[in-house]
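# Analysis of the macromolecular model
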Amino acid sequence: MYMFYIDESGEKNGEVKRDEPFVLLAIGIHEFNWKKFENRINSRKSELLSVINSSLTKKLFLKDVELHSSVLRQVKAREKDPFFSHLTNDQITSLVNVFYDALDDFNISIFAVVIDKANFVSNHKSDVLTKAYELLLERIDTFLRVESNKNNGIIVMDQSTRSFHLDVFSQHFRIQNRGTSAVPPSSRILEIPFTVDSRLSNGIQLADLCAYNFYRVFKYDEVDYPYFLRCLPFVRTLKHKSRKSDPRRIEGLKLFPSTHRWQHLEELIKNKKAQL
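Overview of the structure. (Residues numbered from 1 in each chain as written. Predicted model: local features only at pLDDT ≥ 70, side-chain atom pairs only at ≥ 80, totals over all residues. Heavy atoms only, no water.)

### Points about the sheet that holds strand 2 (residues 21-30)
Judged by pairing direction, the sheet is mixed, and its 6 strands sit side by side in the order 5-4-1-2-3-6 without closing on themselves. Each end of this open sheet is capped by a strand with a single partner; those strands are strand 5 (194-196) and strand 6 (253-256). Put simply, the sheet's adjacent strands are angled 20° from each other on average, direction ignored. As defined by bridge partners, strand 1 (residues 2-9) adjoins strand 2 across 8 bridges and the pair is classed as antiparallel. Of the residues in strand 2, the one forming a bridge with S9 is V23. Where helix 6 (residues 128-147) meets the sheet, its contacts fall on strand 1, strand 2, strand 3 (109-116), strand 4 (153-158) and strand 6, and the angle it forms with strand 3 comes to roughly 150°. (Pairing = 2+ DSSP bridges. Helix = DSSP H or I, 4+ residues; strand = E, 2+ residues; numbered from the N terminus. Axes fitted to C-alpha atoms, helices over the stretch in contact; angles between N-to-C directions. Contact = heavy atoms within 4.5 Å.)

### Some thoughts on the environment of S186
Within the secondary structure layout, S186 lies in the loop between helix 7 (162-178) and strand 5. Since its relative accessible area comes to 12%, S186 is described here as buried. As for S186 and Y227, which are separated by 41 residues in sequence, their C-alpha atoms are 33 Å apart. Sequence-distant contacts of S186, that is, excluding residues within four places in its chain, are made with D141, I175 and Q176. Here D141 takes part through its side chain, which lies 2.7 Å from a polar atom of the side chain of S186. (Buried < 20%, exposed > 50% of the residue type's maximum accessible area, 1.4 Å probe, protein only. Polar contact = N/O pair within 3.5 Å; in protein donor to acceptor, adjacent residues only side chain to side chain.)

### Quick look at the pairing of strand 1
Counting buried positions along strand 1 gives 8 out of 8 residues, so the element sits mostly inside the fold. Both faces of strand 1 are covered, namely the face carrying Y2, F4, I6 and E8 and the face carrying M3, Y5, D7 and S9. Pairing of strand 1 with strand 4 involves 5 bridges; the strand directions are parallel. When the sheet's bridge partners are listed, F4 is paired in strand 4 with I155.

### Focus: the state of the cysteines
For the structure on display, the rule yields 0 disulfides. We note that C210 lacks a disulfide partner, and the nearest cysteine sulfur, in C231, lies 3.5 Å from it. (Disulfide = S-S within 2.5 Å.)

### Some thoughts on the packing of helix 1 (residues 31-53) against helix 4 (residues 89-105)
Where helix 1 meets helix 4, the closest approach of the two axes is 10 Å, and the angle between their N-to-C directions is 175°. In terms of orientation, helix 1 lies roughly antiparallel with respect to helix 4. On the side of helix 1, the interface is formed by F37, R40, I41, R44, K45, L48 and V51, while helix 4 contributes Q91, S94, L95, V98, F99, A102 and D105. (Parallel < 35°, antiparallel > 145°, perpendicular 65-115°, else oblique.)

### Digging into the pattern of salt bridges
Per the counting criterion, the structure on display carries 16 salt bridges. In this structure, K63 engages D64 in a salt bridge whose closest nitrogen and oxygen atoms are separated by 3.3 Å. Here K63 falls in the partly exposed class, since its relative accessible area comes to 43%. A salt bridge links R261 to D116, with the shortest nitrogen-to-oxygen separation between them at 2.8 Å. Taken together, the residues R261 in the loop between strand 6 and helix 10 (263-274) and D116 in strand 3 connect sequence positions 145 residues apart. (Salt bridge = Lys/Arg side-chain N within 4 Å of Asp/Glu carboxyl O.)

### Quick word on the packing of helix 4 against helix 8 (residues 202-220)
Running from N to C, helix 4 and helix 8 point in directions that differ by 95°, and their axes come no closer than 11 Å. Classed by the angle they form, the pair helix 4 and helix 8 counts as roughly perpendicular. Across from F99, Y100 and L103 in helix 4, the residues of helix 8 making contact are N202, Q205, L206, L209 and N213. For the contact of helix 4 with helix 8, the class distribution of residues is 5 nonpolar, 3 polar and no charged. (Nonpolar A, V, L, I, M, F, W, Y, C, P; charged D, E, K, R; others polar.)

This is how it looks when you write it as structure tokens:
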């Protein structure tokens with residue numbers, strides 16, 4: 001069984017910030033590695049909490065330690081955060097490294113969809129979020145059917161607005177029962193998505209960090225962004241490709257629509273991935 005933790009980066013409203021990308025990303029963790037992943041990260045969080053709490057009147061707990069890309073990047077946000085405001089830069093870096101090291105240590109797979117909203121809105125009737133979710137589920141379903149020894153999977157998402165969940169759940173149900181033009185009805189993705197409080201989910205927090213890295217690459221043409229390069233080796237590719245397909249093809253990364261403006265970036269990413 002795989003748990004797929006999903007988070008987003010960017011504005012999902014297709015009519016707002018149309019020059020910016022929208023990213024929907026999933027990380028996949030096998031049940032065999034899930035507890036080890038949780039223990040590793042919570043152990044480091046607890047170590048830092050122990051140091052901080054020694055000088056605090058009001059103690060902090062694991063629920064107070066949420067890694068969010070915006071907090072890590074913005075000094076003012078860190079200063080207001082009850083946990084990160086007490087850490088040095090070296091302590092923050094050490095905690096972030098525990099998350100990224102987990103990608104390799106626990107054989108985590110990454111799947112990402114990047115929507116070029118400027119080209120999407122003009123040519124498609126569906127909204128950005130549900131289309132991104134459809135494309136992401138196609139990649140997860142293919143992985144489960146073809147590459148994972150027929151494991152099943154469940155989807156885990158951050159708690160958000162009710163309308164967000166209803167739109168996604170409807171799309172999820174349709175794909176499970178009808179499939180899409182690219183995949184048959186899914187028998188490997190179980191149930192509707194489960195929602196969790198991101199403060200209590202290290203999987204959601206890692207997905208958040210990774211999603212921003214993809215957003216940054218496609219917003220700023222920054223393919224050498226160091227944290228993106230730490231994610232790239234774990235973006236899923238099929239082990240057995242058709243002889244007619246591009247051997248550099250990265251099945252775990254989908255740029256949409258086909259008329260997207262990042263052709264040059266796509267080639268750079270393929271080449272970098274092929275060299276890993």
